[in-house]
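The lines below spell out each chain.
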Amino acid sequence: MGPPSAAPHGGHRPWQGFLITASLLTFWDLPPTVQFTIEALPSSAAEGKDVLLRACNISETIQAYYWHKGKTAEGSPLIAGYLIDVQVNIPGTAYSGRETIYSNGSLLFQNVTLEDAGSYTLRTINAKYDSDQATGQLHVHQNNVPGLPVGAVAGIVTGVLVGVALVAALVCFLLLARTGSIRRDLREQRPPASTPGHGPSHRSAFSAPLPGPRTATPLYEVSVGHGCSGPTGPKGPRIYSQQHLAELRFRKTQ
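In this report, the structure presented in the accompanying data block is examined. Everything numeric here is computed off the predicted structure, so don't read it as measured data.

Details of the side chain of R98
So, step 1. Relative to the helices and strands, R98 resides in the loop between β6 (88-91) and β7 (99-101).
So, step 2. A distance of 3.5 Å separates the side chain of R98 from the side chain of S96, its partner in a polar contact.
So, step 3. At 3.1 Å, the side chain of R98 and the backbone oxygen of Q110 are in polar contact.
So, step 4. Dropping the residues within four chain positions of it, R98 is found in contact with L108, F109, Q110, N111, V112, T113 and D116.

Now the structure itself:
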């Protein structure tokens, strides 16, 4: 009976295959680690509204939640803590009475103010006392006119200002036109200026000078019936004024 054949060198043993398969199954069964995040609802809230900082992708092994006001949990004031076993909120130094932590780790802000805006960090502790944290942002803006967006309010204000400017321009134009008409009427009614030493430039019926006394015009008259045969006397012709002639005619009639 011949000797037993030796096992071939370099061949795979069956138990080695089982070890590789078990290692692969163990690796595939490990739960993936997912980092949780913080989401603000709504992302930007008006002053006086409520905001929920929702914790997303929270592990089921979490035993406690701690909310801090700041970018990190280390060194930031504690708002409140929540213990899942007893389901109770534990207020911290930054607690204002308006914050509530739910069993899923979300934080509710009631009646937010402008001072509430900023960063908030959630720190979680699981059953093995391992800690993890994530940070979210809270945005708060001033409250505007109810029912009107910011653009509509700006449009209304601009329209009112333009209307006031147009009315003011129209009033100024009317006043200037009326003032110019009054000045033109006064200029037409004002008498023309007279040149010194020359009197008015034109004469009216009321400004004409009164006629002066008539100047006596010398007349030549020949005396008849007084012994003079010719028109001349010894000293030449006599010169009579109109007044003298009237006296002579009056004497002849008597």
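Here's the deal with the nonpolar core
Burial of nonpolar side chains together is a common tendency in soluble globular proteins.
So, step 1. I38, L53, W67 and F109 are the most contacted members of the largest nonpolar core, which has 22 residues in total.
So, step 2. Breaking this core down by element, the ones donating at least two residues are β1 (37-41), β3 (51-56), β4 (62-69), β5 (78-83), β8 (107-109), β9 (118-126) and β10 (131-141).
So, step 3. For I38, the residues in contact, after removing those within four places along its chain, are L53, R54, A55, W67, L122, A134, T135 and G136.

With respect to the packing of aromatic side chains
So, step 1. Applying the stated criterion across every chain, the model contains two aromatic pairs.
So, step 2. Pairing F109 with Y120 gives two aromatic rings, centres 5.1 Å apart and planes at 65 degrees, and the pair type is edge-to-face. Separated by eleven residues along the polypeptide, F109 in strand β8 and Y120 in strand β9 bring together distant segments of the chain. Residue F109 shares its accessibility class with Y120, and that shared class is buried.

A look at the sheet that holds β1
For sheets, the rule is that strands pair by backbone hydrogen bonds, running either parallel or antiparallel.
So, step 1. Read across the sheet, four strands follow the order β1-β3-β8-β7 without closing on themselves; strand pairing throughout is antiparallel. Only two strands of the sheet have a single neighbouring strand rather than two, namely β1 and β7. Each strand of the sheet is rotated relative to its neighbour by a mean of 20 degrees, with strand direction disregarded.
So, step 2. Of the strand pairs in this sheet, β1 and β3 are connected by five bridges, and their pairing is antiparallel. Residue pairing in the sheet places E39 in a bridge with R54 of β3.

Digging into the pairing of β6
So, step 1. As defined by bridge partners, β5 adjoins β6 across four bridges and the pair is classed as antiparallel. In the strand pairing of β6, A80 is matched with P91.
So, step 2. Counting the residues in the hairpin turn of β5 and β6 gives four residues, including Q87, whose phi is positive at 50 degrees.

Conventions used here
By convention here, each chain's residues receive numbers from 1 onward along its written sequence. Selection of residues for local features in this predicted model requires a pLDDT of at least 70, selection of side-chain atom pairs for listing and counting requires 80 or more, and totals for whole chains, interfaces and linings are taken over all residues. By convention in this description, side-chain values take in all heavy atoms of the structure and omit both hydrogens and water. Put simply, DSSP marks the helices as runs of H or I at least four residues long and the strands as runs of E at least two long, and each gets a number from the N terminus on. As used in this structure description, the phrase polar contact means that two N or O atoms lie within 3.5 Å; if the pair is within protein, one of them must be able to donate a hydrogen and the other to accept it, and residues adjacent in sequence are counted only when both atoms belong to side chains. Whether two residues are in contact is decided by their heavy atoms, any of which lying within 4.5 Å being enough. To qualify as a nonpolar core, a set must consist of buried Ala, Val, Leu, Ile, Met, Phe, Trp, Tyr and Cys residues joined through side-chain atoms within 4.5 Å. Here the term buried applies to any residue with accessible area under 20% of the maximum for its type, exposed to any over 50%, and partly exposed to those in between, with areas from a 1.4 Å probe on protein chains only. Geometry of aromatic contacts follows a simple scheme: Phe, Tyr and Trp rings, the Trp one being its six-membered ring, pair when their centres are within 6.5 Å, and the pair is stacked under 30 degrees between planes, edge-to-face over 60, tilted otherwise. In short, DSSP must find at least two bridges between two strands for them to pair. Where helices are involved, their axes are fitted lines through C-alpha atoms of the stretch in contact, as for all axes, and angles between N-to-C directions lie from 0 to 180°.

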